[in-house]
Amino acid sequence: MPAPNTAVSGTSPPTHAPSPHTDTPAPSLTKIDRPAAPRKPRTLRVPRGVRRAAGPVGLLLVWFLASSTGVLPESVLASPVDVLQRAIDLTGTGELPQAIAASGRRAAIGFLIGATVALALSLTAGLFRLGEDVIDASMGMFRAIPWVGLIPLFIVWFGIDETPKIALVALGVTYPLYFNIYGGIRSADAQLIEAGRMVGLGRLGLIRYVILPSALPGALVGLRYALSTAWLALVFAEQVNADAGIGYLMSNAQQYFQTDVIVLCLAVYAVLGLLCDFAVRLLSRRLLAWRASFDGEGA
């Protein structure tokens, strides 16, 4: 009887059959192959300044095409080429720079007076309950009166010199500044005020470090409105017996049906307002650098 563990009939001892996949390494259990994420196609990013200028440039192009093709007759509105040529002529004679200087002086004086009055009234009404009771209701009542309708009354009070023009600009500036600063003061976060009291801030400390910084965004918004209103008020003010300024040029052009001069004066008002708005934007970025704000989404 053959011994157990010995080969039978000359055959070799049995061995394990080689696996048909011996040369292929076993897959790793810890590493999982994931499909590569598809690459996003690169898009051409247009600078933001170019995108901002696209609107005005597009309108200017449409205006030029409508004028050159005759769709917009010259008797209705002068072409941009004629307006540019008139701007060069008036600059060469010195009329346009003198008009801009006269209007800028009126706007600056009226704005300073209106801003001073608005700041004093808004701080008084915003920081003191008695000041609110006395001032805020009166300001709300006067705001309902169209300030342009006060021109005849200003002429009666101040005559036809420079004073009614500056007073009209100051009045137009006062309302937007007052209501925005007052609203900013009264919308200060109560939790921040309570936290300031807990760290030992007195009334002056709360006003300086909590309330006024909270009112700063509203004040800057009011400043933008006030500057645009100053130029708007100046358009009406310089129609009243003016002997210099952009409105004076526009009034004379109206009598002689010079649409190129009228459009030029309106464009100067628009550019001056745009420059003021740009200056306030830069000021806001510097003063509100501590404040996170939403700046749009997407490209």
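Here goes a summary of the coordinates provided. (Residues numbered from 1 in each chain as written. Predicted model: local features only at pLDDT ≥ 70, side-chain atom pairs only at ≥ 80, totals over all residues. Heavy atoms only, no water.)

1. Observations regarding the pattern of salt bridges
Two side chains bearing opposite charge may form a pair once their charged atoms approach each other closely.
Next up, step 1: For the structure on display, the rule yields 7 salt bridges.
Next up, step 2: Among the ionic pairs, Arg86 bridges to Asp260, the shortest N-O distance being 3.4 Å. Here Arg86 is found in helix α2 (residues 80-93), whereas its partner Asp260 is found in helix α10 (residues 259-287), with 174 residues between them in sequence.
Next up, step 3: Close ionic contact of Asp277 with Arg224 constitutes a salt bridge, the shortest N to O distance being 2.7 Å. Separated by 53 residues along the polypeptide, Asp277 in helix α10 and Arg224 in helix α8 (residues 203-237) bring together distant segments of the chain. (Salt bridge = Lys/Arg side-chain N within 4 Å of Asp/Glu carboxyl O. Helix = DSSP H or I, 4+ residues; strand = E, 2+ residues; numbered from the N terminus.)

2. Overview of a positive patch on the surface
Next up, step 1: A cluster of basic side chains, namely Arg45, Arg51, Arg52 and Arg285, defines a positive patch on the protein surface.
Next up, step 2: Relative to the helices and strands, Arg285 resides in helix α10. (Patch = residues over 30% accessible without salt bridge, like charges linked within 9 Å, V, L, I, M, F, W, Y side chains within 5 Å. Areas by Shrake-Rupley, 256 points an atom, 1.4 Å probe, with all protein chains shown as cover. Lys, Arg positive; Asp, Glu negative; His and termini not counted. Charge placed at Lys NZ, Arg CZ, Asp CG, Glu CD.)

3. Thoughts on the layout of surface pockets
Next up, step 1: If you add up the space inside the largest pocket, you get close to 740 Å³.
Next up, step 2: Lining the largest pocket are 19 residues; nearest its centre among them are Arg52, Ala53, Pro56, Ala270 and Leu274.
Next up, step 3: Within the residue set of the lining of the largest pocket, elements represented by two or more residues are α1 (48-68) and α10.
Next up, step 4: Per-element tally for the lining of the largest pocket: the top contributor is α10, with 11 residues.
Next up, step 5: Split by residue class, the lining of the largest pocket holds 14 nonpolar, 1 polar and 4 charged. (1 Å grid on protein atoms, 1.4 Å probe; cavity = no way out; pocket = protein on both sides within 12 Å on 5 of 7 lines; lining within 4 Å. Points joined across faces, edges and corners; volume = space filled by probe spheres on them. Nonpolar A, V, L, I, M, F, W, Y, C, P; charged D, E, K, R; others polar.)

4. So, empty space enclosed by the protein
Gaps left between atoms are located by rolling a probe of water-molecule size over the structure's atoms.
Next up, step 1: The full count for this structure, using the stated rule, is 1 cavity of 30 Å³ or more.
Next up, step 2: When its volume is computed, the largest cavity comes out at roughly 50 Å³.
Next up, step 3: Ile151, Phe154, Ile155, Pro164, Lys165, Leu168, Phe236, Ala237 and Val240 are the residues that line the largest cavity.
Next up, step 4: For the lining of the largest cavity, the secondary-structure elements that each account for two or more residues are α5 (151-158), α6 (163-186) and α8.
Next up, step 5: For the lining of the largest cavity, a count of residues per class yields 8 nonpolar, no polar and 1 charged.

5. As for the nonpolar core
Next up, step 1: Within the largest apolar cluster, 59 residues are counted, with the highest numbers of intra-cluster contacts made by Phe111, Val173, Leu177, Tyr178, Leu223, Ile246 and Leu264.
Next up, step 2: Secondary-structure elements contributing two or more residues to this core are α2, α3 (95-127), α4 (129-143), α5, α6, α8, α9 (246-255) and α10.
Next up, step 3: With 15 residues, the top contributor of residues to this core is α8.
Next up, step 4: Sequence-distant contacts of Tyr178, defined by excluding residues within four places in its chain, comprise Ala118, Leu121, Ser122, Ala125, Ile135, Asp136 and Met139. (Core = buried A, V, L, I, M, F, W, Y, C linked by side-chain atoms within 4.5 Å. Buried < 20%, exposed > 50% of the residue type's maximum accessible area, 1.4 Å probe, protein only. Contact = heavy atoms within 4.5 Å.)

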